[in-house]
Each structure stands twice: as C-alpha cells, then as structure tokens.
Amino acid sequence: MGRKRNQGKARKAAKARAKAREEAEEESNNQRTNGQQRLLAAMQQLEIGNGNLLPTSGSDATKCRHGFEKMDNMCIDFLIEFRNAVQEAVKRGVSTSQSLIEAKNVTMDEFEGVWKDFTNMEIVMSYYLCRGTENILEGNDSYARECAVHARYMEQWTAVMLHETQAIMNWSKVEAMSADSHTRVKFLRRRIPCRCLDKKYDEVKAITKMGVCFNEECPDRRVERNKTLYCSGCRCITYCSRECQKADWTTHKEECDGCVARIAKFEAKKQS
C-alpha cells in the first residue's frame, strides 16, 4: 500500500515537472516573440527604412543583415528615445552636433547601461550601420544620412569615453556624414563585414567629398573637403574660410580652450 502511494506521488511529481517545463518553454517562446515584435515596432517608430532585420521563413531568412545580429529591449528603447530627443532638438533649429549632445544628455541617466557599456554601444552602432546600408540600397538617402551621423557619433563617443584612444570628439567627422553620399557610403562600406555596398561605392566614388563650415552664419555651410580649414587649437571643427573662422571665434573660444586642455591632459597621461 505504501509503495503504491509512493508511486502515485512520483507520477504526480513527474507530471508537475513536465507541466512546469512546458510552461517555462511557452513563456520563453512568448518572450522571444514579444522581443521580435518589439524590435519591428521600434523600427517602424524609428522610421529608418522598411526592411525586416529578423530572420523569418523563406527568402527573408537569407537576407543580408550587414553584421547586425540582435539587440535587447534596453537598446531598442534607447534607439527610440535617442532619436526622439535628436528630432526635438532639430525642431528648435539647433545644429547637428548640438542636437546629438542634447540627446545624449537627455538619455544618459535612463540609459547609462548603454552609453557606458562597450558591448551595448557596439550593438547600437551595428544597428545603425545595418539600417544605413539598407537605406542606401533602397534609395532612402535622408534616413541613410541620419544613420551614418548617429553611427559616427557613437563611434566617436566610444573612442573618447570607453576606449580612451582619443582626447576629444572630432565633430568635423560627425558632420561630414551629412555632407555627401561619397563620404557616407565609404564610411558604411568600411564598417560592414559584407560587400553589399561595393557596387554603390563604385557609383558614388567620383562625387567630391564635402566638409562642413562650423560658422552657423555661413551662407552655404558646405565646402570641398580639401579646402576646409581646421581650428588650429582643438582641430576638431572646420571652416570654409579664415573669415568664417574669425566670425565664429567668439562662440567657439570657450569650447576650444576646454578641448585644448583635455588634449594636453590626454597626451600627458599617455607619456606618463
């Protein structure tokens, strides 16, 4: 009698364990599905192209993702909030560089786990590179420009704040992403592991590379790259002429002095 009772208990325990495994597997599948739906919804909200980055059935499963793999919910939320903050700043008429700085400041507290984590920053940059590439291939130049600007900014941030391989942000390189398609395609092509942009690069490589004049009162703001003049102090921003550099000095002076100080500190640390 006792043995039968024990066998009955064992069968009930086995059924309970099997049910628990089924429930755990169902929950895992639901989380995975929700994550996929969340990423797709995020992509729609980001309005960066229409391509599906998630492997599905059929031909879409073999579609090149240009090095992008996956991201968690925190990175997805970060992408949405960062872009929203940039757009809000742009609506107020601020410059590209200032809008990026404002968006960083707005999102830093909530998403410190992205900004200060190398792995998460790599994932975010990989997403921007992938979407930038897709939008170039799809002919969505405005979105490709946005992705390239954001990817370059994140790259500069990582170099300065995480790797500490340079002293200050090179804003001329960030702004150059919006200047011409030659620069954008070359930047993205060098950073994706596939050859999806080879043909496009052949099409745009004859386009003159352009730079940006950081004097916001400059009538054009664009100048051929080989004619730009770097600020002799910080060497992180460019101008189209001596006149524009002089006109902007009152605005730039304080920032330049701070950059020069950080460069000196960086060089001293390297030599110590």
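The numbering scheme is per chain: residues are counted from 1 as the chain's sequence reads. Thresholds applied to this predicted model are a pLDDT of at least 70 for local features of residues and 80 or more for the giving and counting of side-chain atom pairs; totals over whole chains, interfaces and linings are not thresholded and use all residues. In computing side-chain properties, one takes all heavy atoms of the structure into account and sets aside hydrogens as well as water.

Trainee: Run through the overall build of the protein chain, naming residues and quoting values.
Mentor: When you go through the protein chain residue by residue, the secondary structure sums to 10 helices and 4 strands. Along the protein chain, helices (α) and strands (β) appear in the sequence α-α-α-α-α-α-α-α-α-β-β-β-β-α when read from the amino end. Whether two residues are in contact is decided by their heavy atoms: any pair within 4.5 Å suffices. For the protein chain, contacts bridging at least 24 residues in sequence account for 62% of all contacts bridging at least 6. Surface exposure here means Shrake-Rupley accessible area, sampled with a 1.4 Å probe, where a residue is shielded only by the protein chains that are shown. For the protein chain, the accessible area works out to roughly 15,900 Å², and carbon and sulfur atoms hold 47% of it. Each helix is a run of DSSP H or I of at least 4 residues and each strand a run of E of at least 2, with the numbering of both proceeding from the N terminus.

Trainee: Kindly report on the nonpolar core, identifying the contributing residues and their values.
Mentor: Grouped together as the largest cluster of nonpolar side chains are 59 residues, with contacts concentrated most on F82, W115, Y128, Y153, M154 and W171. A total of 9 residues in this core trace back to one element, the largest contributor, which is helix α6 (residues 141-162). Residues belong to one nonpolar core when they are buried, are Ala, Val, Leu, Ile, Met, Phe, Trp, Tyr or Cys, and are joined through side-chain atoms within 4.5 Å. Buried, partly exposed and exposed residues are distinguished by accessible area as a fraction of the type maximum, computed with a 1.4 Å probe on protein chains only: under 20%, between the cut-offs, and over 50%, respectively.

Trainee: Could you give an account of the pattern of salt bridges, with specific residues and numbers?
Mentor: When a carboxyl oxygen of Asp or Glu lies within 4 Å of a side-chain nitrogen of Lys or Arg, that pair is called a salt bridge. Applying the stated criterion across every chain, the model contains 17 salt bridges. A salt bridge links R152 to E155; its shortest N-O distance comes to 2.6 Å. With R152 and E155 both in helix α6 and 3 residues apart, this pair spans about one turn of that helix. Residues joined by salt bridges that share partners form a network here, namely D141, R145 and R184.

Trainee: Outline the packing of α6 against helix α8 (residues 181-191), listing residues and values.
Mentor: Lines fitted to C-alpha atoms define the axes here, with helix axes fitted over just the stretch in contact, and angles between the N-to-C directions of these axes take values from 0 to 180 degrees. Following both chains from N to C, one finds α6 and α8 inclined at 60°, their axes separated by 10 Å at the closest point. Between α6 and α8, the interaxial angle falls into the category oblique. Relative to α8, the crossing made by α6 is left-handed. Across the interface between the two elements, D141, A144, R145, A148, A151, R152 and E155 of α6 pack against R184, F187 and R191 of α8. Just so you know how the angles are binned, under 35 degrees is roughly parallel, over 145 roughly antiparallel, 65 to 115 roughly perpendicular, and the rest oblique. The hand of a helix crossing depends on one turn: near helix anticlockwise from the far one by less than a right angle means left-handed, and clockwise means right-handed.

Trainee: If you had to explain α6 to someone new, which residues and values would you point to?
Mentor: The span expected for a helix works out to 1.5 Å for each residue beyond the first. Between its first and last C-alpha atoms α6 spans 30 Å; for 22 residues at 1.5 Å apiece the expected length is 32 Å, and the two agree. Directly beyond the C-terminal end of α6, a positive phi value near 55° is found at E164.

Trainee: Which residues make up α8, and what are the values?
Mentor: Those residues of α8 not exposed but buried are H182, T183, R184, V185, F187 and L188. Taken together, the buried residues of α8 touch α5 (118-138), α6, α7 (171-176) and α9 (198-204). For this analysis, a polar contact is any N or O atom pair within 3.5 Å, provided that within protein one partner can donate a hydrogen and the other can accept it, and provided that sequence-adjacent residues contribute only side-chain to side-chain pairs. For α8, the capping residue at the N-terminal end is D180, with a side-chain oxygen 3.1 Å from the backbone nitrogen of H182.

Trainee: Kindly report on the layout of surface pockets, identifying the contributing residues and their values.
Mentor: As defined here, a cavity is a set of points on a 1 Å grid over the protein atoms alone where a 1.4 Å probe fits but cannot get out. A pocket is an open set with protein on both sides within 12 Å along at least five of seven lines, and residues line them when an atom is within 4 Å of a point. Grid points are joined across faces, edges and corners, and a volume is the space filled by probe spheres set on the points. Of the voids in this model, the largest pocket is the one considered here, and its volume is about 970 Å³. Along the wall of the largest pocket there are 33 residues; nearest its centre are M169, W171, E255, C259 and R262. Going through the elements one at a time, α3 (96-108), α6, α7 and α10 (242-271) are the ones with two or more residues in the lining of the largest pocket. The element contributing the most residues to the lining of the largest pocket is α10, with 10 residues. Here the lining of the largest pocket is composed, by residue class, of 14 nonpolar, 7 polar and 12 charged. Residue classes follow a fixed rule: Ala, Val, Leu, Ile, Met, Phe, Trp, Tyr, Cys and Pro count as nonpolar, while Asp, Glu, Lys and Arg count as charged, and any other residue, Gly among them, counts as polar.

Trainee: Help me get a handle on the confidence of the model for the protein chain, residues and values and all.
Mentor: Across the chain, each position has a pLDDT score giving the predictor's confidence in that residue, from 0 to 100. Averaged over all residues, the pLDDT of the protein chain equals 85, while 77% of them reach at least 70. Below pLDDT 50 for its whole length, residues 47-59 participates in 36 contacts with residues either more than four positions away or in separate chains.

Trainee: Give me unusual backbone geometry: which residues, what numbers.
Mentor: Even without being a glycine, R221 presents a positive backbone phi close to 75°. You can see R221 is positioned in the loop between β1 (210-212) and β2 (222-224). One non-glycine residue, R235, lies in positive phi territory at about 55°. If you trace the backbone, R235 turns up in the loop between β3 (229-230) and β4 (238-239).

Trainee: Any details on the packing of aromatic side chains? Residues and values, ideally.
Mentor: Aromatic pairing here means that ring centres of Phe, Tyr or Trp (its six-membered ring) are within 6.5 Å. Orientation follows from the plane angle: under 30 degrees is stacked, over 60 is edge-to-face, and everything else is tilted. Within the structure shown, the criterion is met by 10 aromatic pairs. Residues F78 and W115 carry aromatic rings whose centres are separated by 5.3 Å and whose planes lie at 90° to one another, so their mutual orientation is edge-to-face. A residue pair is termed long-range when its members are at least 10 positions apart, and F78 in helix α2 (residues 73-91) and W115 in helix α4 (residues 112-115) qualify at 37 residues. Taking relative accessible area as the criterion, F78 reaches 0% and is therefore assigned buried. With 6.2 Å between their ring centres and 80° between their planes, W115 and Y153 make a pair best called edge-to-face. Remark: Y153 occurs in helix α6 and W115 occurs in helix α4; sequence separation between them is 38 residues. The pair W115 / Y153 is uniform in exposure class, with both members buried. Through pairs of rings, three or more aromatic residues link up here, namely F78, F82, F111, W115, Y153, W157 and W171.

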